[in-house]
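Here is what each chain is made of, one letter per residue.
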Amino acid sequence: MTRTLAAQPVEKTSPQARLAALFLAAHSSNDRHGVLPEEMPEDCRQALPELISRGFVAELADDRYLLDESVRHLSGMHPRSHDSMVTVRVRWEVWKDGVSPALRRHAEAVEQCPLCAVPLERVAQAFMQPSLPMQAMPKVRAAYGAWKDTQPDRGPRAAEFAASWRAEHGHGPSITQLCGGLGWPVDSRELRAFIVKRLVANEWLTHTFPVPWTLRPGKAAQESKTSAPVFSSSKQ
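Residues numbered from 1 in each chain as written. Predicted model: local features only at pLDDT ≥ 70, side-chain atom pairs only at ≥ 80, totals over all residues. Heavy atoms only, no water.

### Some points on the overall build of the protein
In plain terms, the rule: Runs of E in the DSSP output that reach at least two residues are strands. Runs of H or I that reach at least four are helices, and both are numbered from the N terminus. We call a residue buried when its accessible area falls under 20% of the maximum for its residue type, exposed when it is over 50%, and partly exposed in between, using a 1.4 Å probe and counting protein chains only. Throughout, a contact is declared for two residues whenever any of their heavy atoms are within 4.5 Å. For the area figures, the Shrake-Rupley method with a 1.4 Å probe applies, and any residue is considered shielded solely by the protein chains shown.
Scanning the protein from N- to C-terminus turns up twelve helices and five strands. Residue burial in the protein is summarised as follows: out of 236 residues, 42% are buried. Considering only contacts in the protein between residues 6 or more positions apart, those separated by 24 or more positions represent 65%. Here the protein displays about 12700 Å² of accessible surface, and carbon together with sulfur accounts for 51% of that area.

Written as structure tokens, this is what we have:
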């Protein structure tokens with residue numbers, strides 16, 4: 001994968017062309033034409049002329065292609081039985097290549113965290129397709145009202161947990177990790193999201209929306225000095 005992205009004809013091309021090059025290398029052999037994979041995004045197909053002009057693709061007719069002889073050694077580097085995982089990985093690498101250095105460092109901190117060990121597919125999906133804000137339905141608000149009465153110290157505990165988690169993991173907890181780590185038996189995804197929304201609104205927590213895994217102590221926690229790490233959060 002990295003060898004393909006480092007190939008001279010691929011360097012300094014558009015992100016769509018770079019992703020297309022990874023698809024073409026993964027779905028071809030070094031002695032015959034390849035067939036454009038069905039899962040290749042349309043914007044990658046539209047970038048194929050760029051790869052032809054740069055000398056990465058020698059021939060393209062209908063859905064059949066042949067890599068240039070200079071890069072044909074990159075062909076077929078990924079087993080066909082793992083095409084779906086290859087797609088995730090190539091999209092992830094190209095996405096990281098197109099974001100800011102700070103965001104890339106954060107994404108890789110989550111990706112490589114030995115304590116979380118979150119599957120790559122989940123990490124990639126969370127960063128590349130971040131969740132949108134959800135409107136809280138009346139039943140969710142009612143459930144939150146009942147829940148918060150059982151958790152009078154929810155703000156300080158959440159801030160302390162987030163601080164401790166960041167100290168251990170090098171990144172913030174997800175919403176699920178926060179609720180699970182605090183022992184809050186909340187099965188509803190909508191309710192978990194609303195709990196964190198209220199903690200952020202009340203400044204016990206803050207985050208960099210919509211970037212995932214960025215929860216950290218907020219202004220209220222800092223003012224009350226409750227953000228000192230006190231939890232052991234390595235247990236998932």
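### Digging into the nonpolar core
General note: in soluble globular proteins, nonpolar side chains tend to be found buried as a group. What counts here: Among buried residues, the Ala, Val, Leu, Ile, Met, Phe, Trp, Tyr and Cys ones that are joined through side-chain atoms within 4.5 Å form a nonpolar core.
If you look at the biggest cluster of nonpolar residues, it comprises 32 residues, and the most contacted ones within it are Trp92, Phe127, Leu178, Trp184 and Ile195. Breaking this core down by element, the ones donating at least two residues are helix H5 (83-97), helix H6 (101-111), helix H7 (120-128), helix H8 (138-148), helix H9 (154-169), helix H10 (175-181) and helix H11 (189-201). The contact partners of phenylalanine 127, leaving out residues within four places of it in the chain, are Trp92, Trp95, Leu103, His106, Ala107, Val110, Val211, Pro212 and Trp213. Ala7, Leu36, Leu51 and Val94 belong to the second-largest nonpolar core, a separate cluster that totals 25 residues.

### As for the packing of H6 against H7
This is how the line gets drawn: Between the N-to-C directions of two axes lies an angle of 0 to 180 degrees, each axis being a line fitted to C-alpha atoms and, for a helix, fitted only over the stretch in contact. Roughly parallel here means an angle under 35 degrees, roughly antiparallel means over 145, roughly perpendicular means 65 to 115, and every remaining angle is called oblique. Should the near helix be turned anticlockwise from the far one by less than a right angle, the crossing is left-handed, and should it be turned clockwise, the crossing is right-handed. Each residue is assigned to one of three groups, with Ala, Val, Leu, Ile, Met, Phe, Trp, Tyr, Cys and Pro labelled nonpolar, Asp, Glu, Lys and Arg labelled charged, and all others, Gly among them, labelled polar.
Taken N-terminus to C-terminus, the directions of H6 and H7 make an angle of 150°; their axes are 10 Å apart at the nearest point. In terms of axis orientation, H6 runs roughly antiparallel to H7. Handedness of the H6/H7 crossing: right-handed. Each of Leu103, His106, Ala107, Val110 and Glu111 in H6 lies in contact with H7, whose residues at this interface are Leu120, Val123 and Phe127. Class assignment of the residues belonging to the contact of H6 with H7 gives a composition of six nonpolar, one polar and one charged.

### Quick notes on the pattern of salt bridges
Note the threshold: The salt bridge definition used is simple: a Lys or Arg side-chain nitrogen within 4 Å of an Asp or Glu carboxyl oxygen.
All chains considered together, the criterion is met by six salt bridges. For glutamate 111, the salt bridge identified is with lysine 96, shortest N-O distance 3.0 Å. Of the two residues, glutamate 111 is situated in helix H6 and lysine 96 in helix H5; the sequence distance between them amounts to 15 residues. Classification of glutamate 111 as partly exposed rests on a relative accessible area of 23%.

### A look at a positive patch on the surface
Here is the rule we go by: Distance thresholds for patches are 9 Å for like charges and 5 Å for nonpolar side chains (Val, Leu, Ile, Met, Phe, Trp, Tyr), applied to residues having over 30% relative accessible area and no salt bridge. The charge count includes Lys and Arg as positive and Asp and Glu as negative, but it does not include His or the ends of the chains. Taken as the charge centre is NZ of Lys, CZ of Arg, CG of Asp or CD of Glu, depending on the residue.
A surface patch of like charges, here positive, comprises Arg141, Lys148, Lys197 and Arg198. Put simply, the parts of the chain that give the positive patch at least two residues each are H8 and H11. Tracing the backbone shows lysine 197 in helix H11.

### Some details on the sheet that holds strand E1 (residues 34-35)
Rule in force here: A pair of strands is labelled paired if DSSP reports no fewer than 2 bridges between them.
What the three strands build is an open sheet, ordered E1-E3-E2; its pairing is antiparallel. Only two strands of the sheet have a single partner each, and these edge strands are E1 and strand E2 (57-61). Relative to strand E3 (residues 64-67), E2 runs antiparallel, the two being bridged by four bridges. In the strand pairing of E3, valine 57 is matched with leucine 67.

### Overview of the environment of alanine 61
With respect to the helices, strands and loops of the structure, alanine 61 is situated in strand E2. Take alanine 61: its relative accessible area is 47%, and that puts it in the partly exposed class. Measuring from C-alpha to C-alpha, the distance between alanine 61 and valine 35 comes to 9.8 Å, with 26 residues separating the pair along the chain.

### What to know about the side chain of lysine 96
This is how the line gets drawn: Pairs of N or O atoms are called polar contacts if they sit within 3.5 Å, as long as, within protein, a hydrogen donor faces a hydrogen acceptor (for residues adjacent in sequence, only side-chain-to-side-chain pairs).
Accessibility expressed as a relative area gives 3% for lysine 96, which makes it buried. In this structure the side chain of lysine 96 is engaged in a polar contact, spanning 3.0 Å, whose partner is the side chain of glutamate 111. Look past the residues within four positions of lysine 96 in its chain and what remains in contact with it is Arg104, Glu108 and Glu111.

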